[in-house]
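Summary of structural features
Given next are the chains, with one letter for each unit.
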Amino acid sequence: MARFASVMLLTTASLANFAVQAIAVEPRSFGKTKDGKAAKLYTVKNKNGMIAKFTDRGATLVELHVPDKNGKLADVVLGFDDVSGYESEGNQYFGCTAGRVANRIAKGKFSVGGKEYSVAVNNEPNALHGGVKRSFDKVMWNAMPFAKRGGSGIQFRYVSPDGEEGYPGTLKVEVIYTLDDSNSLTISYHATTDQATPVNLTHHSYFNLSGAGTDTVLDHVLTLNCKSYTPTDDTLIPSGKIAPVRGTELDFTKAEVIGKRIKSLIETAALGYDHNFVIDQEKPASGLTTAATVYDPTSGRVMTVMTTEPGIQFYSGNFLFGQKGKGGKEYKKRSALCLETQHYPDSVNQPSFPSTILKPGDKYTHKCVYRFSNK
Ligand code: GLA
């Protein structure tokens, strides 16, 4: 099968693209899932030596090797050595595609078209990240590697049947990861449905720009292009209000060390940063707005996050508990952060928030770029 994929690439590639083939995709085995499915690991490289690896379980980013200010590579995302790690208790949505509805739905209840729906409560008392057994992070996606002049990557496809995890409508989803020579990893999402359904997809990588397994991210410096956020109750469900960040620990409109003001938040239900920020829309021609920039003074690595989405969840890894990940490295509390571009939490129950309802005939699209540089 691995051989077949690379042969297919070669025969479909034009001569002009031929040079790209040398650094494209060589799938290898990533172990077997508990129910006996063969998982694969797909590798993509760019001309600067950046390497990204993906698995079809959960359309997941497994490794991301990024150069520091001296050109030295480090893998900056948390993950596991094979698919069994992703099926273990230690996996807290590492690198996955979260859906059909990422983030929380209050009490797991909502209505669409006058009909009430109940989905599993898996984050008491709410629904989190799409369900229990067949949420998008746990299912096997169909993977198609590609290599083009604009970058190499993987196109993942999944058809979520009507009623899966309690959601209405058959949803056809596509997630395309592209690594290009500007050191950007672009994630493009597309979805269509045959019945109205809520859809909110996101990417759930945990980053530590000093390298996965480094003790903390509290020394990273964060800027958020967000003057407001969605305040929540103690179960992290928004009240529906949009509040200014000014004068709070959530004000990252100017670059700030993450650990500087976290202390008071550690005593809250969020146990640190776990908030949805409202992105100040720049509306540039590309449709992408810069939502966040993270700088690691130790390595010099900078990550810029750009998106077409209205919100970004900044989560400071508060529930990491020292689980062992890739190469036996320990992932301590607050040793990695997530910047998840998405619609606001519980949008399906908040009429004033931008809608997450996808209707038949409409197309869901979402783009998110993680761009790496140094200073
Ligand atoms: C999201 C949530 C967090 C946490 C993680 C997974 O980022 O906002 O509260 O549940 O996923 O552990």
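Being a predicted model, the structure only gives us computed values, none of them experimental.

What counts and what doesn't
- Residues numbered from 1 in each chain as written.
- Predicted model: local features only at pLDDT ≥ 70, side-chain atom pairs only at ≥ 80, totals over all residues.
- Heavy atoms only, no water.
- Pairing = 2+ DSSP bridges.
- Helix = DSSP H or I, 4+ residues; strand = E, 2+ residues; numbered from the N terminus.
- Core = buried A, V, L, I, M, F, W, Y, C linked by side-chain atoms within 4.5 Å.
- Buried < 20%, exposed > 50% of the residue type's maximum accessible area, 1.4 Å probe, protein only.
- Contact = heavy atoms within 4.5 Å.
- pLDDT = per-residue confidence, 0-100.
- Salt bridge = Lys/Arg side-chain N within 4 Å of Asp/Glu carboxyl O.
- Near = heavy atom within 4 Å.
- Polar contact = N/O pair within 3.5 Å; in protein donor to acceptor, adjacent residues only side chain to side chain.
- Areas by Shrake-Rupley, 256 points an atom, 1.4 Å probe, with all protein chains shown as cover.
- Nonpolar A, V, L, I, M, F, W, Y, C, P; charged D, E, K, R; others polar.

Let's shift gears to the pairing of strand β9 (residues 115-118). One ladder, built from four bridges, connects strand β8 (residues 109-112) with β9; its direction is antiparallel. Residue pairing across strands places Ser111 opposite Glu116, the latter belonging to β9. Count of turn residues in the β8/β9 antiparallel hairpin: two residues, of which Gly113 carries a positive phi of about 55°.

Attention now goes to the nonpolar core. Leu64, Leu339 and Phe372 are the most contacted members of the largest nonpolar core, which totals 60 residues. Per element, the largest residue contribution to this core is five residues, and it comes from strand β13 (residues 171-179). Beyond its immediate stretch of four places on either side in the chain, Leu64 contacts Met50, Ile51, Ala52, Ala74, Asp75, Val76, Val77, Leu185, Phe207 and Phe372. Membership of the second largest hydrophobic core comes to 16 residues, among which are Phe30, Phe80, Phe94 and Ala212.

Residues with a pLDDT of 70 or more make up 93% of the chain, whose mean pLDDT is 93. Note that residues 1-23 has pLDDT below 50 and, in this model, 25 contacts with residues that lie over four places away or in other chains.

Turning our eyes to something else, we now look at the pattern of salt bridges. Across all of its chains, the model carries nine salt bridges by this definition. The salt bridge partner of Glu256 is Lys260, with a shortest N-O separation of 3.7 Å. For Lys260, a relative accessible area of 59% gives the class exposed.

Residues in contact with the ligand, as listed here, are Gln92, Tyr93, Arg104, Leu128, His129, His204, Tyr206, Asp274, Gln313, Tyr315, Phe319 and Glu340. Within the side chain of Asp274, a nitrogen or oxygen atom sits 2.3 Å from an oxygen atom of the ligand. Out of a free accessible area of 300 Å², the ligand has 96% covered by protein chains. Classifying every residue of the shell around the ligand gives five nonpolar, four polar and three charged.

A separate point is the pairing of strand β14 (residues 184-193). Most of β14 sits out of view: eight of its ten residues are buried. Where β13 lies against β14, nine bridges are found, and the strand directions are antiparallel. When the bridges of β14 are listed, Thr178 appears paired with Thr186. Examined bridge by bridge, β14 and strand β29 (residues 364-374) share eight bridges and lie antiparallel to one another. Within β29, the residue paired with Ala191 across the bridge is Tyr364.

On to the side chain of His65, then. The residue His65 is located in strand β4 (residues 60-67) in this model. Side chain to side chain, His65 and Glu63 meet in a polar contact 2.7 Å long. His65 has contacts with Met50, Ile51, Leu73, Ala74 and Asp75, leaving out every residue within four places of it along the chain.

A word on the sheet that holds strand β19 (residues 243-244). Spatially, the five strands line up as an open sheet ordered β19-β18-β21-β24-β27, and their pairing is antiparallel. Single-partner strands in this sheet number two, and they are β19 and β27 (338-342). In this sheet, strand β24 (residues 311-315) lies alongside strand β21 (residues 274-278) in antiparallel orientation, the contact comprising five bridges. Within the sheet, the bridge partner assigned to Phe277 lies in β24 and is Ile312.

Moving on, we come to the environment of Tyr189. Note on placement: Tyr189 falls in strand β14. Distance from Tyr189 to Lys227, taken between C-alpha atoms, is 26 Å for residues 38 residues apart in sequence. Tyr189 has contacts with Thr97, Glu174, Val175, Leu201, Thr202, His203, Tyr364, Thr365 and His366, leaving out every residue within four places of it along the chain. Within the local environment of Tyr189, its side chain forms a polar contact with the backbone nitrogen of His203, the two atoms lying 3.2 Å apart.

Below, the discussion takes up the side chain of Thr230. With respect to the helices and strands, the residue Thr230 is situated in the loop between β18 (228-229) and β19. Take Thr230: its relative accessible area is 1%, and that puts it in the buried class. Polar contacts involving the side chain of Thr230 include one to the side chain of Asn276, which spans 3.0 Å. Ignoring any residue separated from it by four or fewer positions in sequence, one finds Thr230 in contact with Pro238, Lys241, Ile242, Asn276, Val278, Tyr344, Pro345 and Phe353.

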